[in-house]
Amino acid sequence: MIIYLCTLRPWSDNIQTPASRISTENRKRRWIEMTDHATPCINDGRLVIRDRTVLTSVPPNITLEPLVSASAFVGASSATRSSYHEFTLGVLEGFRWLCLYRFKIWWMIPRWGKSTSEIPYETQMLLLEAKENAIVEDETVDSANNSSIFYILILPVLDGDFRASLHGRSTNELQFSLESGDPEVQTSQVLEAIFINSGDNPYELIRESIKILAKQKGTFSHVENKKIPDFLNWFGWSTWDAFYTNVNPEGIKKGLHSLAEGGTPAKFLIIDDGWQETQNEFQKEGQPLTEGTQFAIRLTDVKENCKFKEKDTCKYLGELIKFIKERYGVKYVLMWHALAGYWGGVLPTSEAMKKYDPKLKYPVVSPSMRRNLWDIAMDSLEKYGVGLIGPAKIDEFYNDLHKYLSTSGVDGAKVDVQTLLETLGASHGGRVSLTRKYQQALEESISKNFGDNNLICCMCHNSDSIYSSKKSAVVRASEDFMPKEPGLQTLHVASVSFNSLLLGEIAIPDWDMFHSDHDTANFHAAARAVGGSGVYVSDKPGQHNFEILKRIVLPDGSILRARFAGRPTRDCLFDDPVMDGRSLLKIWNLNKICGVICIFNCQGSGFWPPREEFNQVGVGWPLKDVPVSASSSLCISGHVSPSNIEYLGNLAGENWNGDCAVYAFNSGSLTRISKFGSLAISLYTLQFEVYTISPIKDYNQNIQFAPIGLINMFNSGGAIDDLSSDFDSSGCMIKIKCRGPGQFGAYSSLSPKHCVVGTKEEEFNYDGNNGFLAFNLSHVPAESNFWDIKIMYPII
């Protein structure tokens, strides 16, 4: 067998490193040692990475082609050509693992384990926690801060017209399924179906791997190379839960009015399902709806339906859009539609649709997907079919639809039901080819007609879509927020945070709407504050909790969005935060000046989908006979540390001694601790705490300072835009540019002489016991929502 070698990049001081205590010189030495054996190789039936055997009993038909650094492609060959293969990679044992898999055709969720036999079908990311051979048997190793831990990433990807996914077998063999989705598109060999990489930092590993794949494949882009739409920086409202398909102009006006009246105006609006002209061929007039046929409804025109053409409310869609922008200051309006037009596609007999030459097609669900959760929508579409516009006409359809919406004042689209295309690839070159054609046509039309990349992609968690995303920059990161399902609230938060490990490198993860007056509203609001996403609700008009909304929305309708995708901290990656009965979920993020962590107790209030029932037709989720014992609240204890925030030192800059100011939102407490210090916390089910963690910097021998931000907001530090200082003979002046209004807080080792906001000196409160400095920004007039703050200290 051939053992491949590859060229490795030289050490650079600019390479970001994991949060460990080893020095730069030690890291350089470790990197040099590591790269000598980091390149994956297959030898004597073993796949070896960094001298650690990852797979044994690797069959001879498995190939390996090294790429840059420690990465490689893995392929396989078969004696026969087929449109569907299952290949064995080898036996995988001795690792804790995290996987992201599609439990439904539309959505991914995480799973954790140690046995490969538990890795489900449709796994699209597999992360292994590995230990150096010298400590493989040492179970006491702290994976969060120990330099002997490294991570192995296994990504099934696209190879030409084929798409791969992973699963385990009862023999602990790791396999991958390979499929084209078209019986006529066959192969006997793939060379780039599986991507493998390893590294010391799991977040860098995933980020660099996606960048390598984007360059190698050329079919998608990393999020850093996409235009991020501005609507994400503003508070929004969706019509879905407020009205469902009964959305109408008057209801839209009432919802926007009530949010504005309460002091949290919606600046972007999603007009969801219910505005389009559609037809249900399978429902007779005057008869009740036949269950399932709602998913077979088809689009008959690109224009709005009669609800938006009534003389008493609005004469046409454009009139409504103009009115709400002028009256309520709405900046962005996004309209919902399905990728195929509507759930059941377009109506082939419709006069308006005939120009696109649609054909009735019947979905075929892949063998690997059939092993997971049954879905009523997919079951209905298999029965009633989809009116599919062929690849040759889809550009024209999107352009006609989006051009009409654009001329009506609409600014973008939320596009749903995207993974449906994987079931319609027959006679179109397969699922990958069809998905890519649709995705490219959609992105080009959005760019041409709306200009600002105002697109939310939804129900698109298959790798066909993920690795065909060149421009789309916002992706729904989990199944819907379901207000009537108490057992799904914690699962929603956990799913988005873990899915963001992968999706957050492709696009900005969208956390979906929530309700501000829901029993779990505070829980969801805190998650979105740290999630780095847009924030929007779907409250019914007049049914709002403004106390909660004002923790995430400023009076001008802007939000304090963190810089990256909120992801689980390193010490949470391989623990189940929903069902293991002992683990808290910690989600970290960064702002410009400081970091933020939100800790959630997701235990005791929900269950992940069961495994055995998946392939029973008619079994839905959540299971109605599975009790959710939210009343038996579990108290879970844990710790929070500045070291939980990756790259915090990059914010602090040089000469930082590691000390931090830690502000807890709910308790209102401020504590000074070292970078590797920790604070204990205990939370009951559905409780949380938000910590702003700000590096303390020395401004001279006597003054140590760390801004916290707007302490009345969940993501306090997101308000701080800039921090600088001046020194002269009169003393030291710390200058801060901060969003507002609100209550500003900071850590200060000394009481200042003056606090000036704009040109006015403000009264301040200072607690010498903990260094907590606070003053008010609320009554200060400003032309913008940025306040210039000067905190002055005398010479001591």
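In this text, all values refer to a predicted model and were calculated from it rather than measured experimentally. (Residues numbered from 1 in each chain as written. Predicted model: local features only at pLDDT ≥ 70, side-chain atom pairs only at ≥ 80, totals over all residues. Heavy atoms only, no water.)

(A) Up close: the overall build of the protein chain. On a plain count of helices and strands, the protein chain comes out with 13 helices and 44 strands. Radius of gyration (C-alpha) of the protein chain: 27 Å, near the 28 Å computed for a compact globule of 796 residues. Considering only C-alpha atoms, the protein chain reaches an extent of 80 × 80 × 50 Å along its principal axes. Counting over 796 residues, the protein chain shows a buried share of 62%. Averaging the coordinates of the 78 positive side-chain charges in the protein chain and doing the same for the 92 negative ones gives two points 3 Å apart. (Helix = DSSP H or I, 4+ residues; strand = E, 2+ residues; numbered from the N terminus. Rg over C-alpha atoms; globule rule 2.2 N^0.38 Å. Buried < 20%, exposed > 50% of the residue type's maximum accessible area, 1.4 Å probe, protein only. Lys, Arg positive; Asp, Glu negative; His and termini not counted. Charge placed at Lys NZ, Arg CZ, Asp CG, Glu CD.)

(B) Representation of the packing of aromatic side chains in the model. On inspection of all chains with the given rule, the structure shows 28 aromatic pairs. The interplanar angle of 70° and the centroid separation of 6.3 Å between the aromatic rings of W588 and Y647 together place this pair among those described as edge-to-face. Residue W588 is located in strand β28 (residues 585-590), and its partner Y647 is located in the loop between β30 (635-640) and α13 (648-652); the two are separated by 59 residues in the primary sequence. An angle of 80° between the planes, with centres 5.7 Å apart, marks the rings of F688 and F714 as edge-to-face. Of this pair, F688 sits in strand β34 (residues 688-695) while F714 sits in the loop between β36 (704-710) and β37 (720-728); the two residues are 26 residues apart in sequence, bridging distant segments of the chain. The same class applies to F688 as to F714, namely buried. One aromatic cluster is present, built from ring pairs that chain together F523, F600, F665, F688 and F714. The ring of F323 has K253 lying over it, and the distance from NZ or CZ to the ring centre is 4.6 Å. The lysine or arginine in question, K331, covers the ring of W234, its NZ or CZ lying 4.7 Å from the ring centre. (Phe/Tyr/Trp six-rings, centres within 6.5 Å; stacked < 30°, edge-to-face > 60°. Lys NZ or Arg CZ within 6 Å of the ring centre and 35° of its normal.)

(C) Inspection of the sheet that holds strand β32 (residues 669-673) at higher detail. Read across the open sheet, the 6 strands follow the order β27-β28-β29-β34-β31-β32; overall the sheet is antiparallel. With partners counted over all chains shown, the strands left at the sheet margins are β27 (567-568) and β32, one partner each. Pairing between strand β31 (residues 660-664) and β32: 5 bridges, direction antiparallel. By the bridge assignment for β32, V662 is matched with T671. (Pairing = 2+ DSSP bridges.)

(D) Layout of the environment of L299. Note that L299 resides in strand β18 (residues 298-304). On a C-alpha basis, the gap between L299 and S350 in space is 8.4 Å, while along the polypeptide they are 51 residues apart. Setting aside residues no more than four positions away along its own chain, L299 makes contact with Q276, E277, T278, G341, Y342, G345, V346, L347, M353 and F397. (Contact = heavy atoms within 4.5 Å.)

(E) Examining helix α2 (residues 202-217) more closely. Under the 1.5 Å per step criterion, the end-to-end length of α2 is 22 Å for 16 residues, consistent within 8% with the ideal 22 Å. A large share of α2 lies buried, amounting to 12 of its 16 residues. For α2, the full list of buried residues reads P202, Y203, E204, L205, I206, R207, S209, I210, I212, L213, A214 and K217. You can read the cap of α2 off the contacts: a side-chain oxygen lies 2.9 Å from the backbone nitrogen of Y203, and it is on N201. G218 lies just past α2 and shows a positive phi near 70°. (Expected span 1.5 Å × (residues − 1). Polar contact = N/O pair within 3.5 Å; in protein donor to acceptor, adjacent residues only side chain to side chain.)

(F) Region of interest: the side chain of K675. Residue position: K675 is located in the loop between β32 and β33 (679-684). No salt bridge is formed by the buried K675. Its closest oppositely charged neighbour is E646, at 8.4 Å. Beyond its immediate chain neighbours, meaning those up to four positions away, K675 contacts S641, P642, S643, W656 and G658. (Salt bridge = Lys/Arg side-chain N within 4 Å of Asp/Glu carboxyl O.)

(G) Fine view of the state of the cysteines. Counted by the stated rule, this structure contains 0 disulfides. Cysteine C458 is unpaired, with the sulfur of C460 as its nearest cysteine sulfur at 6.7 Å. Looking at C635, it has no disulfide partner, and the nearest cysteine sulfur is the one in C602, 14 Å off. Residue C635 is classed as partly exposed on the basis of its relative accessible area, which comes to 40%. (Disulfide = S-S within 2.5 Å.)

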